[in-house]
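# Structural overview
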Protein chains: 2
Amino acid sequence: MMSESGEGVGLSFGDRLARRIQRVGNPVCVGIDPRPERLPRAILRDLPDTAEARAVACERYARGILDAVADLVPIVKFQSACFEALGPAGPAALDRAARYAAQQGVLTIFDGKRNDIGPTAEAYALAYLDSDAWRFDAMTVNPYLGSDGVTPFLKAAQRHGKGLFVLARTSNPSAAEFQELQVACVSPNDAQAMPLYQRVAQAIVAWNQPSAAASYSGYGLLGAVVGATSPAQLAQLRSQMPGVWFLVPGYGAQGGTARDVAGGFDPHGLGAIVNSSRGVGYAYEQDDASPKADWTELVRDAVLAMIADLESAGIRIARTT
Amino acid sequence: MMSESGEGVGLSFGDRLARRIQRVGNPVCVGIDPRPERLPRAILRDLPDTAEARAVACERYARGILDAVADLVPIVKFQSACFEALGPAGPAALDRAARYAAQQGVLTIFDGKRNDIGPTAEAYALAYLDSDAWRFDAMTVNPYLGSDGVTPFLKAAQRHGKGLFVLARTSNPSAAEFQELQVACVSPNDAQAMPLYQRVAQAIVAWNQPSAAASYSGYGLLGAVVGATSPAQLAQLRSQMPGVWFLVPGYGAQGGTARDVAGGFDPHGLGAIVNSSRGVGYAYEQDDASPKADWTELVRDAVLAMIADLESAGIRIARTT
């Protein structure tokens, strides 16, 4: 399994992502979160009031973003919730948009935060990583059910060169309610209590170890979702989780700055992808007074500005050709 | 919003579920988890090898189960993973099956364990609880993101008489890895450390309190998923979580017995629904030597046997007419 661009033939997801980042020279992940009421006027115009029409409009929005950014960025992230909100026509539109993205050579994440017990987790892994049912390079997973809820995803990802991003410390205000609870020692090696998210981080490192050890880049097939809202946690986790990719949400609309995310990177500028959904995907909303002819130009401009912003904070990646 | 059966007009989900259980006289939830390779021969016969055909076959399986059990049981649970595994045709088949279930008057749960940060949780809540995009009475939610990941679901459920079941202690072997970690005191009222799942349980009680207080039955719109694999935990949580419905998986194929689940009920036989997916939905696999004419008879027989088994363990509900 490889991307249609021919990149990463036979490589693991960790290496494919590293190679793609080095080729485009930046770590930006563009989030595609279509909300029907916020679509560009050019798409909304004459939109019939049917679920099918709204789904086709959201697909057009996704394709417009992909046309604007697929050559610029290493990876995009599709927010499943926005498509599911459209009814059954939504997942069908998501599928078409994801296949279009793959044709453009950009890597794709299915952001659905799936989770279940073993046999049902196998069904989710079959869906998104292990068959032609859907076409994504990676997916997000919630770890609350423990290792037998994660292992089916790991196995499927290993078989097919796909990746996983497991929630560790999310970027929302109430994330601390459970994720930062201090958990007691569970083995004699534990010197002291630690927050739950660090226990999850330890599990992610262990799950990732075999694929990281076998990689060229040092990065395995497993990633962690680590919010940009707490820079100190991000830098600490970077040092505790070598070989684990970080998917960092929270940049831009959620308040995270380039300086906040800088701690997520290794000295070579690898190790993290920084997601922006609203700041990039709805960039045209800032331009309502005198709209440009093409809303996708504003989306592309927003990505270029984000790349420059990250570089200004010292996040620089040596390009390969 | 009400079920098409006319039951529970204007009532909250907690009261609708109580009323429906008292009408049918048992707390059985039939899980609908279609796996294409395990469908009855009558459905598999001449099945073309296309995703669309497999999705239609899974819909026929769901309808067959509903024809067999909709008059017998209060509620059914659709496993979204099994439908998503079929590609985009799967969610479309799920939608048709769920609308068929509603026509039969049985309550329905969308088991997708959705979770995300606030604005995205709103999109999931809009999808499954707050619009006509899909047609379910309740859904399952994963609490790892804390209260601002749960509140959007609560608000939508409140508005439309729908319900939520939040994961507390799941029934899989590795559930303990995170859910049973001892978490330290977070307020002066905490006498001692407690397992994480009990902290989640406390949050569920708090989230449920307003709707439980306003109910006729004493049960609110919020439920908890509490596995049947640990009967002691189940009985303890029952006493700690008055007014919270329990969705108890793990009966039957996962090893839970009627005696194991008995602690989940209140003295009136309310407070819990007991799910069986494989034991009921694949009952015909036990009958391969001389198959009956109709596989749905064996599914109905399995539900009747489960009802009798629960009654033998003292789980009795006074029927209303």
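A brief structural summary. (Residues numbered from 1 in each chain as written. Chains lettered and ligands numbered in written order. Predicted model: local features only at pLDDT ≥ 70, side-chain atom pairs only at ≥ 80, totals over all residues. Heavy atoms only, no water.)

Time to look at the pairing of strand E1 (residues 28–32) of chain A. Residue and element names in this part refer to chain A. For E1, a buried count of five out of five residues is recorded, marking the element as mostly surrounded by other parts of the structure. Here E1 shows two buried faces, one formed by Val28, Val30 and Ile32 and the other by Cys29 and Gly31. Relative to strand E10 (residues 272–276), E1 runs parallel, the two sharing three bridges. Across the sheet, the residue bridging to Cys29 is Asn275, located in E10. Of the strand pairs in this sheet, E1 and strand E2 (residues 75–79) are connected by four bridges, and their pairing is parallel. Bridge pairing links Cys29 to Ile75 in E2. (Buried < 20%, exposed > 50% of the residue type's maximum accessible area, 1.4 Å probe, protein only. Helix = DSSP H or I, 4+ residues; strand = E, 2+ residues; numbered from the N terminus. Pairing = 2+ DSSP bridges.)

All names here are of chain B. By the secondary structure assignment, Asp266 is in the loop between helix H11 (258–261) and strand E10 (272–276). Buried charge without a partner: Asp266 forms no salt bridge, and the closest opposite charge is Arg238, 6.6 Å away. At a separation of 2.7 Å, a polar atom in the side chain of Asp266 contacts the side chain of Tyr219. (Lys, Arg positive; Asp, Glu negative; His and termini not counted. Salt bridge = Lys/Arg side-chain N within 4 Å of Asp/Glu carboxyl O. Polar contact = N/O pair within 3.5 Å; in protein donor to acceptor, adjacent residues only side chain to side chain.)

To continue, consider the sheet that holds strand E4 (residues 138–141) of chain B. Residues and elements named next belong to chain B. On the basis of which strands lie adjacent, the closed barrel formed by eight strands has the order E1-E2-E3-E4-E5-E8-E9-E10 and parallel pairing. Each adjacent strand pair in this sheet contributes to an overall mean axis angle of 30°, direction not counted. Taken together, the five bridges between strand E5 (residues 163–169) and strand E8 (residues 222–226) define a ladder with parallel strand orientation. Paired with Phe165 across the two strands is Gly223, which belongs to E8. (Axes fitted to C-alpha atoms, helices over the stretch in contact; angles between N-to-C directions.)

You can overlay chain B on chain A at an RMSD of 0.0 Å; the transform is a turn of 180° with a shift of 0.0 Å along its axis. Here the transformation between the copies is reduced to the relation of a two-fold axis. Among all residues of chain B, the one whose C-alpha sits closest to the rotation axis is Val183(B), at a distance of 2.2 Å. Comparing contact sets, 100% of the residues at the interface of chain B also lie at the interface in chain A, consistent with an isologous, same-surface contact. (Least-squares fit on C-alpha atoms with pLDDT ≥ 70 in both. Contact = heavy atoms within 4.5 Å.)

Here we come to the packing of aromatic side chains. Residue and element names in this part refer to chain A. Enumeration over the complete set of coordinates arrives at 24 aromatic pairs over all chains. Taking the centre distance of 5.5 Å and the plane angle of 10° together, the rings of Tyr61 and Trp295 count as stacked. Taken as a pair, Tyr61 in helix H3 (residues 51–69) and Trp295 in helix H13 (residues 295–312) lie far apart in primary sequence, 234 residues in all. On the basis of relative accessible area, Tyr61 is assigned to the buried category, the value being 0%. (Phe/Tyr/Trp six-rings, centres within 6.5 Å; stacked < 30°, edge-to-face > 60°.)

It is worth spelling out the pairing of strand E2 (residues 75–79) of chain B at this point. Regular strands have side chains that alternate between both faces of the sheet. Residue and element names in this part refer to chain B. The buried fraction of E2 is high, at five of five residues. In E2, alternate side chains face the same way, and those of Ile75, Lys77 and Gln79 on one face and Val76 and Phe78 on the other are all buried. In this structure, E2 lies alongside strand E3 (residues 107–114), joined through five bridges in parallel fashion. Note on E3: the bridge partner recorded for Phe78 is Phe110.

Attention shifts here to helix H10 (residues 231–240) of chain B. Residue and element names in this part refer to chain B. Taken residue by residue, H10 has Gln233, Leu234, Leu237 and Arg238 as its buried positions. Seen from one end, H10 has its buried residues packed into an arc of 135°, which puts them on one side. Opposite the packed face of H10, turned more than 90 degrees from it, sit the exposed residues Ala232 and Ser239. The inward-facing, buried residues of H10 abut E5, helix H9 (196–213), E8, strand E9 (245–248) and H11. (Arc of directions from axis to C-beta.)

Okay, the interface of chain B and chain A next. Facing the 60 residues of chain B at the interface are 60 residues of chain A. For the pair chain B and chain A, the two sides together bury roughly 4700 Å², of which 59% comes from carbon and sulfur. Ranking the residues of chain B by area buried against chain A places Pro88(B), Tyr144(B) and Phe178(B) at the top, with a combined share of 17%. Viewed at the interface, chain A and chain B are joined by 33 residue pairs in polar contact (both at pLDDT 80 or more). Residue contributions to the side of chain B that touches chain A peak at seven residues, all from helix H6 (residues 118–128) of chain B. Of the residues assigned to the side of chain B that touches chain A, the class counts are 33 nonpolar, 16 polar and 11 charged. (Buried area = accessible area lost by both parts, 1.4 Å probe. Nonpolar A, V, L, I, M, F, W, Y, C, P; charged D, E, K, R; others polar.)

A few words now on the pattern of salt bridges. Per the stated rule, a full pass over the model turns up 30 salt bridges over all chains. For Glu59(A), the salt bridge identified is with Arg96(A), shortest N-O distance 2.7 Å. Of this pair, Glu59(A) sits in helix H3 while Arg96(A) sits in helix H5 (residues 89–103), and the two are 37 residues apart along the sequence. Residue Glu59(A) is classed as buried on the basis of its relative accessible area, which comes to 9%. Using a relative accessible area of 31% as the deciding quantity, one classes Arg96(A) as partly exposed. The residue Asp137(B) makes a salt bridge to Arg135(B) at a minimum N-O spacing of 3.2 Å. Note on accessibility: Asp137(B) and Arg135(B) belong to one class, buried. Here the salt bridges do not stand alone but share partners, grouping Lys77(A), Asp111(A), Lys113(A) and Asp116(B) into one network.

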